[in-house]
Amino acid sequence: MSANVSNIGTRLSAFGLRFWIILLIVAALIFGANFGYQSYLQGQENNARALTAELQVLSQQLAKYAREAVEGGNQESFDEFKATKTRVDAIVKALRTGGEGVPGYEGNVLKPGVQGALKKVVTIWAKMGADADRIIKSENQIINLSDTANAFNARVPQISARLDEVVRAMSDSGAPASQINLANRQIVLADRMSRRVTEILAGGEKAVTAADALSRDSAVFGQVLQGLKEGNDEIGVQRVTSTQALDAVNAVDKLYQDSTKEMEQILQSSNDLFEVQQASTSISGDSNTLLENAQALYQTFGSSLKTISRT
């Protein structure tokens, strides 16, 4: 009987050992699964922080490229601007609905802090995205307008040089002082029209008044020039009588006729340009709001890393 008792005890001991081994294995599996899941969640948050940190940088780059594209009117700046806008779109979409290693946090009731901060990012980006689309829509027009303005500004020194010839020829032929003064005023007016064009392209408060002034200056320049060729009693301009001076006036007129096409294009595009400039200005201001909102969103992921400082 003692042998049976001993045998039963041995079986119980073996059972107990197996039980504890199984229990340890199950515990290890649970721990491993929990650790893996936590690592997975941590990875998602790390990805979300990386995307949000990138968003902070892009918010400032977008404003920079918008300004360069609209003011400079060059293809490279527009390419950079469009690429930056596309990347911000992708980041915001990933944070909202998932992608690029993050689950999507829009409507995530388990993370109300993230959800609230993300909503602010989405709201400001919707406004900035609309302004960015307005600029992109006008890409060809802005680039062509910049080329046109450069061509006009390059033509002005040629007009001024020819007008100098007019003044010298008038002086040599003994033309009245009033007529010589008109020719000198034309030189000043040509330079002023060039400045008006530069002010239009620069945007800001002076742009609208510069466009009106350019239109007036162009009309006056054309009237006086025609008066020097043919005479105009109504505005008090005498016809140039010196053959050399008249040849120089005709050379100015040819240059001016070419420049009027450029000015007309600039003036016709000015209203659309003002809208695009306003969109660029709006992006510049809103970029700081996007930066601040992205910094706040970054913090909701519990990172111990510092947010990217404002560039």
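A quick note: this is a predicted structure, and the numbers were derived from the prediction, not measured.

What counts, and where the lines are drawn
- Residues numbered from 1 in each chain as written.
- Predicted model: local features only at pLDDT ≥ 70, side-chain atom pairs only at ≥ 80, totals over all residues.
- Heavy atoms only, no water.
- Helix = DSSP H or I, 4+ residues; strand = E, 2+ residues; numbered from the N terminus.
- Buried < 20%, exposed > 50% of the residue type's maximum accessible area, 1.4 Å probe, protein only.
- Contact = heavy atoms within 4.5 Å.
- Salt bridge = Lys/Arg side-chain N within 4 Å of Asp/Glu carboxyl O.
- Expected span 1.5 Å × (residues − 1).
- Bend = angle between axes of the 7 residues up to and from the residue.
- Polar contact = N/O pair within 3.5 Å; in protein donor to acceptor, adjacent residues only side chain to side chain.
- pLDDT = per-residue confidence, 0-100.
- Phe/Tyr/Trp six-rings, centres within 6.5 Å; stacked < 30°, edge-to-face > 60°.
- Core = buried A, V, L, I, M, F, W, Y, C linked by side-chain atoms within 4.5 Å.
- Axes fitted to C-alpha atoms, helices over the stretch in contact; angles between N-to-C directions.
- Parallel < 35°, antiparallel > 145°, perpendicular 65-115°, else oblique.
- Left-handed = near helix turned anticlockwise from the far one by under 90°.
- Nonpolar A, V, L, I, M, F, W, Y, C, P; charged D, E, K, R; others polar.

**A look at the overall build of the protein chain**
- When its secondary structure is counted, the protein chain shows seven helices and zero strands.
- Put simply, the protein chain runs from its N terminus to its C terminus through helices and strands in the order α-α-α-α-α-α-α.
- Of all 311 residues assigned to the protein chain, the portion counted as buried reaches 41%.
- In the protein chain, of all internal contacts separated by at least 6 residues, the share reaching a separation of at least 24 is 72%.

**Describing the environment of Gly 227**
- The residue Gly 227 is located in helix H6 (residues 206–230) in this model.
- The exposure class of Gly 227 is buried, given its relative accessible area of 1%.
- In this structure Gly 227 touches Asn 232, Val 237, Gln 238 and Arg 239, once residues within four positions along its chain are discounted.

**A look at the pattern of salt bridges**
- Summed over the entire model, instances satisfying the criterion amount to 19 salt bridges.
- A salt bridge links Asp 133 to Lys 85; its shortest N-O distance comes to 3.0 Å. Of the two residues, Asp 133 is situated in helix H3 (residues 112–137) and Lys 85 in helix H2 (residues 75–97); the sequence distance between them amounts to 48 residues.
- In this structure Asp 133 comes out as partly exposed when scored by relative accessible area, which is 40%.
- Salt-bridge contacts for Asp 286 lead to Lys 127; the nearest nitrogen and oxygen are separated by 2.6 Å. In this pair, Asp 286 sits in helix H7 (residues 243–300) while Lys 127 sits in helix H3, placing the two residues 159 residues apart along the sequence.
- Judged by relative accessible area, which is 12%, Asp 286 ranks as buried.
- The exposure class of Lys 127 is partly exposed, given its relative accessible area of 42%.

**Brief notes about H7**
- Its 58 residues give H7 an end-to-end C-alpha distance of 81 Å, which sits within 8% of 86 Å, the value for a rise of 1.5 Å per residue.
- If you look at H7, its biggest bend is around 50 degrees, right at Ser 270.
- Two or three places before Gln 244, at the opening of H7, Ser 242 has a side-chain oxygen 3.4 Å from that residue's backbone nitrogen.

**Quick word on the confidence of the model for the protein chain**
- The predicted model of the protein chain has a mean per-residue pLDDT of 84, with 82% of residues at 70 or higher.
- Looking across the protein chain, the model is least confident in helix H1 (residues 2–72), with a mean pLDDT of 70, and most confident in H2, with 95.
- Residue range residues 303–311 is modelled with pLDDT below 50. Its contacts to residues more than four positions away, or to other chains, number 18 contacts.

**Here's the deal with the packing of aromatic side chains**
- Tallied over the entire structure, the rule returns two aromatic pairs.
- Ring centres of Phe 221 and Tyr 256 lie 4.8 Å apart, and the angle between their planes is 40 degrees; on these two criteria the pair is classed as tilted. You can see Phe 221 sitting in helix H6 and its partner Tyr 256 sitting in helix H7, a full 35 residues away along the chain.
- Judged by its relative accessible area of 0%, Phe 221 falls in the buried class.
- The class for Tyr 256 is buried, based on a relative accessible area of 5%.

**Digging into the nonpolar core**
- Counting 80 residues, the largest nonpolar core has Phe 81, Ile 135, Met 170, Ile 200, Phe 221, Ile 283 and Leu 297 as its most contacted members.
- Counting residues per element, this core draws most heavily on H7, at 17 residues.

**Some details on the packing of H3 against H7**
- It is at 8 Å that the axes of H3 and H7 come closest, and there the two elements cross at 165 degrees. Here H3 lies roughly antiparallel to H7, going by the angle between them. Helix-helix and strand crossings are classified by hand; for H3 and H7 the assignment is left-handed.
- Along the lines of polarity and charge, the residues of the contact of H3 with H7 split into 16 nonpolar, seven polar and seven charged.

**Some details on the side chain of Asn 293**
- Of note, Asn 293 is situated in helix H7.
- Once you skip the residues sitting within four places of it in the chain, Asn 293 turns out to touch Lys 120, Val 121 and Ile 124.

**Concerning the packing of H2 against H3**
- Orientation of H2 relative to H3, taken along the N-to-C sense of each, is 150 degrees, at an axis distance of 11 Å. Classified by the angle between their axes, H2 and H3 sit roughly antiparallel to one another. In terms of crossing hand, the pair formed by H2 and H3 is left-handed. Contacts between H2 and H3 involve Phe 78, Phe 81, Lys 82, Lys 85, Val 88, Asp 89, Val 92, Leu 95 and Arg 96 on the former and, on the latter, Leu 118, Val 121, Val 122, Trp 125, Gly 129, Ala 132, Asp 133, Ile 135 and Ile 136.

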